[in-house]
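# Per-entry structural report
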Amino acid sequence: NTVFYCNPGLPEATYVEIDQQAAGRVTADYLLASGRRRLGFALSDPSSAAIEQRLKGVKRCLALHGGRASDLAICKGSPGSSRPNRPDERSMSWS
């Protein structure tokens, strides 16, 4: 029996999905609980829906801990850059 990651669109297929917002909240909560007050988030492909949801979870957790938007640094790659030929070919810029 094959188990897919995400819905493959096949009738009766077995698949699993990750709650991306929860993953972002858990990660941020761990870092904030360990004493960090500023977080960085590197996005290899900012057009990814999963990454967008995970970032929402990070932002929500940061706000619940009293953080501000300026407490989160985001490094964005180019859309579609999640599969470069070499890692150094990614175009990244911090905001």
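On a predicted model such as this, the values are computed, not experimentally measured, just so you know. The numbering scheme is per chain: residues are counted from 1 as the chain's sequence reads. In view of the model being predicted, local features appear only for residues whose pLDDT reaches at least 70, and side-chain atom pairs are presented and counted only at 80 or more, with totals across whole chains, interfaces and linings using the full set of residues. The basis for every side-chain value is the complete set of non-hydrogen atoms in the structure, without hydrogens or water.

### Observations concerning the packing of helix α1 (residues 20-33) against helix α2 (residues 49-64)
Our working definition: For every element, the axis is a line fit to its C-alpha atoms; helices are fit only across the contacting stretch, and the angle between N-to-C directions ranges from 0 to 180 degrees. Numbering goes from the N terminus for both helices and strands, where a helix is a DSSP run of H or I of at least four residues and a strand is a run of E of at least two. Roughly parallel covers angles under 35 degrees, roughly antiparallel covers those over 145, roughly perpendicular covers 65 to 115, and oblique covers all other angles. When the near helix sits turned anticlockwise from the far one by under a right angle, the crossing is termed left-handed; a clockwise turn instead gives a right-handed crossing. When checking whether two residues touch, look at their non-hydrogen atoms; a contact exists if any pair is within 4.5 Å. Each residue is assigned to one class: nonpolar for Ala, Val, Leu, Ile, Met, Phe, Trp, Tyr, Cys and Pro, charged for Asp, Glu, Lys and Arg, and polar for all the others, Gly among them.
Viewed as axis vectors pointing N to C, α1 and α2 meet at an angle of 40 degrees, and their least axial separation amounts to 7 Å. Between α1 and α2, the interaxial angle falls into the category oblique. As for the relative orientation of α1 and α2, their crossing is right-handed in sense. Counting all contacts with α1, which are made through Gln20, Gln21, Ala23, Gly24, Arg25, Ala28, Asp29 and Leu32, the residues of α2 involved are Ala50, Gln53, Arg54, Lys56, Gly57, Val58, Arg60, Cys61 and Leu62. The residue inventory of the contact of α1 with α2, partitioned by class, reads 7 nonpolar, 5 polar and 5 charged.

### Focus: unusual backbone geometry
As a reminder, the rule being used: The rule is simple: take the accessible area with a 1.4 Å probe, protein chains only, and divide by the maximum for that residue type; under 20% is buried, over 50% is exposed, in between is partly exposed.
A positive phi angle, near 75 degrees, is found at Cys6, a position not held by glycine. Position of Cys6 among the secondary structure elements: in the loop between β1 (3-5) and β2 (14-16). For Cys6, a relative accessible area of 30% translates into the label partly exposed. Phi at Glu12 takes a positive value of approximately 60 degrees, unusual for a residue other than glycine. Its place among the elements puts Glu12 in the loop between β1 and β2. Relative accessible area serves as the criterion here: at 82%, Glu12 is assigned to the exposed category.

### Description of the pattern of salt bridges
For clarity, the cut-off: Should a side-chain nitrogen of Lys or Arg be within 4 Å of a carboxyl oxygen of Asp or Glu, the pair is scored as a salt bridge.
Applying the stated criterion across every chain, the model contains 1 salt bridge. With its nearest N and O atoms 3.6 Å apart, the salt bridge here joins Asp71 to Arg68.

### Notes on the confidence of the model for the protein
Put simply, the test is: As a per-residue quantity, pLDDT reports the predictor's confidence and falls between 0 and 100.
Residues with a pLDDT of 70 or more make up 80% of the protein, whose mean pLDDT is 83. Across the protein, the secondary-structure element scoring lowest on mean pLDDT is strand β5 (residues 93-94), at 50, and the one scoring highest is α1, at 96. Segment residues 84-90: pLDDT under 50, and 5 contacts once partners within four positions in sequence are set aside and those in other chains are kept.

### Side note on the pairing of strand β4 (residues 72-76)
Threshold: DSSP bridges decide pairing: two strands pair if at least two such bridges lie between them. Looking down the strands as they point away from you, a crossover is right-handed if its path from the first strand over the helix to the second goes clockwise.
Burial analysis of β4 places 4 of its 5 residues in the buried class, the great majority of the element. Relative to β4, strand β3 (residues 39-43) runs parallel, the two being bridged by 5 bridges. Counted as the bridge partner of Leu43 is Lys76 from β4. Each parallel crossover has a hand, and for β3 linked through α2 to β4 it is right-handed.

### Remarks on the nonpolar core
Selection rule: Throughout, nonpolar core names a set of buried Ala, Val, Leu, Ile, Met, Phe, Trp, Tyr and Cys residues whose side chains join them through atoms within 4.5 Å.
Judged by nonpolar contacts, Ala28, Leu32, Leu39, Phe41, Leu43, Leu55, Val58, Cys61, Leu62, Leu72 and Ile74 together constitute the single largest core of 11 residues. Secondary structure elements with two or more residues in this core: α1, β3, α2 and β4. With 4 residues, the top contributor of residues to this core is α2. The residues contacting Leu72, other than those within four sequence positions of it, are Leu39, Gly40, Phe41, Leu55, Val58, Lys59 and Leu62.

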